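Geometric and topological summary
Residue strings, one per chain:
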Amino acid sequence: MIRFENVVKRYGDFEALRGVSLEVAQGQVVVLLGPSGCGKTTLLRTVNRLVEPSEGTVYLGGEDVRRLKPEELRRGIGYVIQSIGLFPHMSVLENVLVVPRLLGWERSRREARAREMLRLVGLEPAVFASRYPRELSGGQAQRVGLARALAADPAVLLMDEPFGAVDPPTRERLQDEFLRLQADLKKTVLFVTHDLEEAVKLADRICLMNHGKVEQYDEPETLLRDPKTPFVREFIGPSRTLLRLSRIPLKGLIEPLNGKVPAASVPLSAMAREAFSVLLAQGARSVAVTDEQGRAVGQVRLETLLRVASED
Amino acid sequence: MLRLRELNPVALLAAGVGLLSLALPWITLKPNRLLEGTGVGVWGLEPGLAAALAAGWLALPWLRRAAYPLLLGLLTLGWAVLAGAVAGDLLEGESEVARASLAAGFWLTLLALYSASVGAPPQARRWIPLTLPLALLVALLTGSFRPLAPVVEGAAYGEQFGLEAWRHLAMASSAVVQALLVGIPLGVLAARSARFGWVLSLSGFLQTIPSLALFGLLLPILAQLGQEVSLGLALGVIAAGLFLSRLLWATSPSLGLVVAFPVGLLALVLGGTLLFNLVGPEPLRLELSQPLAAAGVRGIGAAPAVLALSLYALLPVVISTYTGLRAVPEAARDAGWGMGMSSRQLFWRVELPLASPLILEGIRGALVLTIGITTVAALIGARGLGYFILQGVQSGASDMVLVGALPVIALALLADGLLRGIGLALRRRLGLLA
């Protein structure tokens, strides 16, 4: 869906991008990860031509992005930024309506769509439509930002550290909702973050960048298990074992209960990491796994978790 | 009853000043408008009213909520009635030419009233714009001010007073309109690109030119222009100049502006004069073949005055436009670009609305400033309210000066209040205010 071909961007003598080639498959979430100044935001902004590459080509749906007028190109791409960038003088509804208005949709269609989008991101239109950005919490504002980006139903979403400015609990909730939405919407998403944990949680594939180059482009499991360069190893650091557990669903690790049910429990839908945290906190050797009704359906033992974590 | 510690300190100070002023002379009785007079206090002639005023001042600092603005209104009314009564008492039996001029106590009480309205407790503040004008209106309608010298002097001019006030407002508003037409685009240019930073220093420099010097410079130029150039020619030159500068703009914006500059000045001269004649008391005459002088472009009079005022009003407009656009959050701009707005759409839908409250502040500043300095226009025969000030200064009659000065202050305050109100409404409408 998106293809970067040997993209170079220079600012004077400084090379922000030093020949990046990358392909993003349709419906995938690709996270551009790396330290600040690694070129990830610059790369993202070449897609909607907020940055024009010095060399190389960016293809969107097989077509060179330079063949479209920048405005038309951008109206077809959802764009969410860290500072959200809601227009402070427009109500929530007007903010969500911006792109449909630019596209010249008729009034009834765009308003219906905007309300639908607000509902989709969990904001009741009757309550929020007429509010102003000043009256929203950080999390609510970020949801409006997402609704605005989705309003014209773009196939591609560009998200530049969208959850960077909210507090950790809100961020986790927004991440969960993003995953839930993405499961339905199947957008092609290019997502910039410097937060390894966020990347591991959200990505279908991670592109780890440093100094304007791609260090490794792999699925999160592979990146964590098999770092290809010293930089990748260092960036992932000692938490990689724990992070790998956060990609492994509990489902495959459950053993039958043999008589007594452990005191601590985790839900069936959880990842291995959650069970591991509970075990550490309780000092227990096994934890019960409960289904949606709260019944214990099995257990996970500490040894099992240790084994899968160290597997190569 | 509130304890002393909880008293409103500003109201307390105002009350102190108000009480003190009751001990001073309020009215100076002069045998005629030029001779020195003797100051007269209020207690001898109107002890009852004076005592009521004193009681009011004593009570004021203890009040809160609606009682405070209500009493303040009554004090304002009392101030007018007391001054009028004392003046009336004094003038009884005196000759026609005797004048009851205003003395220290009268002015000091005005100061006390002003401080008390500024220092109103927060819950009472919103009633002040209602009770104070109402009190002044009642005083005006009941004729309390009528025996006072400035009113007597002003009344002698009758119709001319209204005419000069009209002329004054016409000059000030034409100048501000011109400053907006030129200043907002210049401010936008300066905010867009650092190359146009000189726009800011230029408008700052214009304000440093003394108005008298500017009039002196403009006099021969405008006189000659008015004599020798016809209206049709001037319009042709302006049109051609603007077209040329538009052409040059494509290759070099700075060069385009260099051409636009003298043409713009000519347009300002012509535009200001025509605008003034359109809204002012003089009839608007437009004949293409006649020299410009027929349309009002002369070395003296409204033409140089409006031009100079337009140049002075430029600074607040340019600065506020520049600052307003610069204060637009970068994130809003980035989001606008990213969502596919063209630069024109970004300007009209995002940048200008977000900058508009600040631009409006600039317009307010320009209008208040211009209403004030339009008084100098009288020096070059453009008249306006400055005419009375000039007359008063020339004849040494201080009450005459007040005939011009007090309405100027009132107009400036009125314009200020009006634009503040509009600004508030604008902010509320843009959702930038709770």
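Treat the numbers as computed from the prediction; the structure is a model and nothing was measured.

**Some words on the overall build of chain B**
- Tallying secondary structure elements over chain B gives 17 helices and three strands in all.
- Principal-axis analysis of the C-alpha atoms places the extent of chain B at approximately 80 × 55 × 30 Å.
- Taking as baseline every contact in chain B between residues at least 6 positions apart, the subset at least 24 positions apart corresponds to 79%.
- Total accessible area on chain B stands at roughly 20,600 Å², and carbon and sulfur atoms take up 70% of it.
- Across chain B, the mean location of the 26 positive side-chain charges is 15 Å away from that of the 19 negative side-chain charges.

**Notes on the overall build of chain A**
- If you tally the helices and strands in chain A, you get 13 helices and 13 strands.
- Computed over its C-alpha atoms, the radius of gyration of chain A comes to 22 Å, within 12% of the 20 Å expected for a compact globule of 312 residues.
- Overall, the C-alpha framework of chain A stretches about 65 × 50 × 30 Å when taken along its three principal axes.
- Classification of the 312 residues of chain A by burial places 52% in the buried group.
- In chain A, once contacts between residues fewer than 6 apart in sequence are set aside, the share between residues at least 24 apart is 63%.

**So, the packing of aromatic side chains**
- The tally for this structure, following the rule as stated, stands at 14 aromatic pairs over all chains.
- Considering the side-chain rings of Tyr387 of chain B and Phe388 of chain B, the 5.6 Å spacing of their centres and the 70 degrees angle between planes classify their relative orientation as edge-to-face.
- Judged by relative accessible area, which is 18%, Tyr387 of chain B ranks as buried.
- Cation over ring: Arg148 of chain A sits above Phe87 of chain A, and NZ or CZ is 5.0 Å from the ring centre.
- Taking NZ or CZ as reference, Arg205 of chain A lies 4.2 Å from the ring centre of Tyr217 of chain A, over its face.

**A word on the interface of chain A and chain B**
- Facing the 20 residues of chain A at the interface are 22 residues of chain B.
- Carbon and sulfur atoms make up 62% of the surface buried where chain A meets chain B, a total of about 1,900 Å² over both sides.
- Taken together, the links from chain A to chain B amount to one salt bridge.
- Between Arg45 of chain A and Asp334 of chain B there is a salt bridge; the shortest N-O distance is 3.1 Å.
- Summed over the shared surface of chain A and chain B, the result is six residue pairs in polar contact (both at pLDDT 80 or more).

**Looking at the sheet that holds strand E7 (residues 156-160) of chain A**
All names here are of chain A.
- With mixed pairing, six strands are arranged side by side in an open sheet as E6-E7-E8-E3-E9-E10. The open sheet has two edge strands, strand E6 (77-81) and strand E10 (213-218), and neither has a second partner. Direction aside, neighbouring strands of the sheet carry axes that sit 15 degrees apart on average.
- Taken together, the five bridges between E7 and strand E8 (residues 188-193) define a ladder with parallel strand orientation. Bridge assignment links Leu157 to a residue of E8, and that residue is Val189.
- Packed onto the sheet, helix H1 (residues 40-47) meets strand E3 (29-33), E6, E7, E8 and strand E9 (205-210) and runs at close to 150 degrees relative to E8.
- Taken strand by strand, helix H6 (residues 138-150) contacts E6 and E7, and its axis lies near 165 degrees from that of E6.

**Some remarks on the domain arrangement of chain B**
All names here are of chain B.
- Domain boundaries in chain B define domain 1 (4-156) and domain 2 (160-429).
- Computed over C-alpha atoms, the centres of domain 1 and domain 2 are 38 Å apart.
- Taken residue by residue, the interface counts 10 residues in domain 1 and 10 residues in domain 2.
- On the surface where domain 1 and domain 2 come into contact, there are one salt bridge.
- Here Lys30 ties to Asp399 by a salt bridge, and the two come within 3.7 Å at their closest N and O atoms.
- Run the count over domain 1 and domain 2 and you get one residue pair in polar contact (both at pLDDT 80 or more).
- Here the element with the most residues in the side of domain 1 that touches domain 2 is helix H6 (residues 149-157); it accounts for four residues.
- Here the side of domain 1 that touches domain 2 is composed, by residue class, of five nonpolar, two polar and three charged.

**Things to note about the pattern of salt bridges**
Residue and element names in this part refer to chain A.
- A full pass over the atoms with the stated rule returns 29 salt bridges over all chains.
- Across the salt bridge formed by Arg171 and Asp195, the nearest N and O atoms sit 3.6 Å from each other. Residue Arg171 is located in helix H7 (residues 168-185), and its partner Asp195 is located in the loop between E8 and helix H8 (196-202); the two are separated by 24 residues in the primary sequence.
- With relative accessibility at 21%, the residue Arg171 sits in the partly exposed group.
- Each of Arg113, Glu116, Asp153 and Lys187 takes part in salt bridges that share partners, so that together they form one network.

**Focus: helix H10 (residues 231-251) of chain B**
Residue and element names in this part refer to chain B.
- The end-to-end C-alpha separation of H10 is 31 Å, in line with the 30 Å expected for 21 residues at 1.5 Å each.
- Regarding H10, the residues found buried are Leu231, Ala234, Ile238, Gly241 and Ser245. All buried residues of H10 fall inside an arc of 90 degrees around its axis, so they share one side. More than 90 degrees from the buried face of H10, the exposed residues found are Phe243, Arg246, Leu247, Ala250 and Thr251.
- Against helix H11 (253-279) and helix H12 (292-295) lie the buried residues of H10.

**Details of the pairing of E6 of chain A**
Residues and elements named next belong to chain A.
- Counting buried positions along E6 yields five of five residues, so the element is predominantly enclosed.
- What you see with E6 is no split at all: Ile77, Tyr79 and Ile81 on one side and Gly78 and Val80 on the other are buried throughout.
- With five bridges connecting them, E6 and E7 associate as parallel partners. Residue pairing in the sheet places Val80 in a bridge with Met159 of E7.

**Observations concerning unusual backbone geometry**
Residues and elements named next belong to chain A.
- Positive phi, close to 60 degrees, is recorded for Arg49, a residue that is not glycine.
- Inspection of the secondary structure assignment puts Arg49 in the loop between H1 and strand E4 (55-60).
- Note on Arg49: relative accessible area 12%, which makes it buried.
- The phi angle at His211 is positive, at roughly 50 degrees, despite the residue not being glycine.
- Topologically, His211 is positioned in the loop between E9 and E10.

Rules of the game
- Residues numbered from 1 in each chain as written.
- Chains lettered and ligands numbered in written order.
- Predicted model: local features only at pLDDT ≥ 70, side-chain atom pairs only at ≥ 80, totals over all residues.
- Heavy atoms only, no water.
- Helix = DSSP H or I, 4+ residues; strand = E, 2+ residues; numbered from the N terminus.
- Contact = heavy atoms within 4.5 Å.
- Areas by Shrake-Rupley, 256 points an atom, 1.4 Å probe, with all protein chains shown as cover.
- Lys, Arg positive; Asp, Glu negative; His and termini not counted.
- Charge placed at Lys NZ, Arg CZ, Asp CG, Glu CD.
- Rg over C-alpha atoms; globule rule 2.2 N^0.38 Å.
- Buried < 20%, exposed > 50% of the residue type's maximum accessible area, 1.4 Å probe, protein only.
- Phe/Tyr/Trp six-rings, centres within 6.5 Å; stacked < 30°, edge-to-face > 60°.
- Lys NZ or Arg CZ within 6 Å of the ring centre and 35° of its normal.
- Buried area = accessible area lost by both parts, 1.4 Å probe.
- Salt bridge = Lys/Arg side-chain N within 4 Å of Asp/Glu carboxyl O.
- Polar contact = N/O pair within 3.5 Å; in protein donor to acceptor, adjacent residues only side chain to side chain.
- Pairing = 2+ DSSP bridges.
- Axes fitted to C-alpha atoms, helices over the stretch in contact; angles between N-to-C directions.
- Domains from an automatic or database assignment.
- Nonpolar A, V, L, I, M, F, W, Y, C, P; charged D, E, K, R; others polar.
- Expected span 1.5 Å × (residues − 1).
- Arc of directions from axis to C-beta.

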